[in-house]
Amino acid sequence: MGKKQRDEEIAVGSGLVLVDKPAGWTSHDVVGRIRKLAGTRKVGHAGTLDPMATGVLVVGINRATRLLTHIVGVSKTYTATIRLGRSTTTDDADGELVETRFANAVTSERLQEEIAALTGEIMQVPTTVSAIKVDGRRAYDRARSGEDVALEARPVTVHRFDVGETRRIDGGKLIDVDVEVEVSSGTYVRALARDLGEALGVGGHLTALRRTAVGPYRIENALTLEQLAEDFGYVGLTEAAAGIFRRRDLTEEEARNLGHGRRITASGTGAGAERDGAEQPLTAAFAPDGELVALLRDVPASTGASASADAAAAAAGEQVDFQAKPELVFAPQGGGS
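Basis of the calculations
- Residues numbered from 1 in each chain as written.
- Predicted model: local features only at pLDDT ≥ 70, side-chain atom pairs only at ≥ 80, totals over all residues.
- Heavy atoms only, no water.
- Helix = DSSP H or I, 4+ residues; strand = E, 2+ residues; numbered from the N terminus.
- Buried < 20%, exposed > 50% of the residue type's maximum accessible area, 1.4 Å probe, protein only.
- Areas by Shrake-Rupley, 256 points an atom, 1.4 Å probe, with all protein chains shown as cover.
- Pairing = 2+ DSSP bridges.
- Contact = heavy atoms within 4.5 Å.
- pLDDT = per-residue confidence, 0-100.
- Arc of directions from axis to C-beta.
- Axes fitted to C-alpha atoms, helices over the stretch in contact; angles between N-to-C directions.
- Phe/Tyr/Trp six-rings, centres within 6.5 Å; stacked < 30°, edge-to-face > 60°.
- Lys NZ or Arg CZ within 6 Å of the ring centre and 35° of its normal.

Before going further, it helps to spend a moment on the overall build of the chain. Helix and strand content of the chain: 11 helices and 19 strands. Going through the 337 residues of the chain one by one, you find that 45% of them count as buried. Carbon and sulfur atoms provide 46% of the accessible area of the chain, an area that totals close to 16,200 Å².

What follows is the structure, given as structure tokens:
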């Protein structure tokens, strides 16, 4: 059986709020504001934005908070301005100046060459002032308390790193470079600015950062906190899931089985993922009335697992290699609000 919703959760509903975060606000500040506007404490966000940054912050309310873990891993797109010639303690404009080096000798050709080297699958050392935990404490807490924080490089993917306008300022000693980047989850744009500056031998940091997309959710559809205060709009749970995951339409019987937590016949995603050595992708499963029932993942078939009659029989007869397992159930017993 599913957990009973509180009255305020039923009144507000469940879904994703696409917030255009203002500068100076932390992501936690935004969550606090949405709690007041929505009248529910069941609120979370998918992917922190620094206080200096603006743009798309995906906020989940009520049952949609269960989607956030899966949204965090999608690719993200940013526009940013990188200032070459100066390094800061935080790799952005909020930090203290560490060093100034003249950028006069940096050419467009050299800039493009080093940006190309930072595109694709790369190893990146996260910025010291980050939310990564080191022995149970956030890196930024350790750094701000005066500790020397050494973070290990980790693989990230820069899908796209495009250069827009470049401006030479302060007599050419500094260069501002407008860029647009599309990156995998876990990539720090501040670290890209730092590494680009170091590769060019002049240092660098971010002076502006705006997130324009989180997976399928774009800035054009985001609302400011002022707009939300006037008219609280959000993407409903069903629409949100349909926009992120592969879709599977269920029969009434399949919906009932998933509502009870039983496995059903495979969605057809498992074999390819197993060959690639990757985790099987999630599938959003919808009842005949269009309601989101569950998120499914194809897993190796098991005769010992609770399953629908047809899925169990196929597994017992060794006719199938995979079954669809409900990872998250949203509509218990195929129903629910």
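Burial analysis of strand β12 (residues 204-214) places 8 of its 11 residues in the buried class, which makes it a mostly covered element. Sheet topology note: the strand β3 (residues 54-61)/β12 ladder contains 2 bridges and is parallel. Within β12, the position partnered with Gly55 by the bridge is Arg211. Bridge count between strand β4 (residues 76-84) and β12: 9 bridges; the pairing is antiparallel. By the bridge assignment for β12, Thr81 is matched with Ala208. Taken together, the 2 bridges between β12 and strand β13 (residues 217-218) define a ladder with antiparallel strand orientation. Looking at the pairing, Ala213 lines up with Arg218 of β13. Hairpin connection between β12 and β13: a loop of 2 residues separates the two successive antiparallel strands, and Gly215 in this loop has a positive phi of roughly 55 degrees.

Turning to the side chain of Ser267, a few remarks are in order. Mapped onto the elements, Ser267 comes out in the loop between β16 (264-265) and α10 (270-276). In this structure Ser267 comes out as buried when scored by relative accessible area, which is 13%. When neighbours within four sequence positions are excluded, Ser267 is seen to be in contact with Arg246, Arg248, Thr283, Leu296, Asp298 and Ala324.

This brings us to the environment of Ala23. Structurally, the position occupied by Ala23 is in the loop between β1 (15-21) and α2 (27-38). With 186 residues separating them along the chain, Ala23 and Leu209 place their C-alpha atoms 9.5 Å apart. Beyond its immediate sequence surroundings of up to four residues, Ala23 is in contact with Pro51, Met52, Ala53 and Thr54.

A word on the confidence of the model for the chain. Mean pLDDT over the chain stands at 87; residues scoring 70 or higher make up 85%. Across residues 273-277, confidence stays below pLDDT 50; counting only partners more than four residues off in sequence or on other chains, it has 5 contacts. A low-confidence stretch, residues 333-337 stays under pLDDT 50, and its non-local contacts, those more than four residues away or across chains, total 13 contacts.

Turning to helix α4 (residues 108-117), its buried residues are Leu111, Glu114 and Ile115. In a view along the axis of α4, the buried residues occupy a sector of 105 degrees, so they form one face of it. When the buried face of α4 is taken as reference, the exposed residues oriented beyond 90 degrees from it are Glu109, Glu113 and Ala117. Contacts from the buried residues of α4 go to β4, β10 (154-169), β11 (174-183) and α6 (189-199).

Glancing now at unusual backbone geometry. Backbone geometry places Asn62, a non-glycine residue, at a positive phi of 55 degrees. Secondary-structure assignment places Asn62 in the loop between β3 and α3 (68-71). For Asn62, a relative accessible area of 0% translates into the label buried. Phi at Asp91 takes a positive value of approximately 65 degrees, unusual for a residue other than glycine. Among the structural elements, Asp91 can be located in the loop between β5 (86-88) and β6 (97-100).

It is worth spelling out the pairing of strand β18 (residues 292-300) at this point. A large share of β18 lies buried, amounting to 8 of its 9 residues. Where strand β17 (residues 282-286) lies against β18, 5 bridges are found, and the strand directions are antiparallel. Across the sheet, residue Thr283 finds its bridge partner in β18, namely Leu296. A loop of 5 residues connects β17 with β18, the two strands running antiparallel in sequence, and Gly290 in this loop sits at a positive phi of about 95 degrees. Note that β18 and strand β19 (residues 322-329) share 7 bridges and pair antiparallel. Within β19, the residue paired with Ala294 across the bridge is Val329.

Spatially, 5 strands are ordered β15-β17-β18-β19-β16 in an open sheet, and the strand pairing comes out mixed. Across the chains shown, the open sheet's two edge strands, defined by having one partner strand only, are β15 (246-249) and β16. Helix-sheet contacts for helix α8 (residues 237-244) involve β15, β17 and β18, and the interaxial angle to β17 is about 140 degrees.

So, about the packing of aromatic side chains. Counted by the stated rule, this structure contains 1 aromatic pair. Ring geometry for Phe232 and Tyr234: centres 6.1 Å apart, planes at 50 degrees, overall tilted. For Tyr234, a relative accessible area of 32% gives the class partly exposed. Between the NZ or CZ atom of Arg66 and the centre of the ring of Phe330, over which it lies, the distance is 5.0 Å. Here the basic side chain of Arg247 rests over the ring of Phe286, its NZ or CZ set 4.0 Å away from the ring centre.

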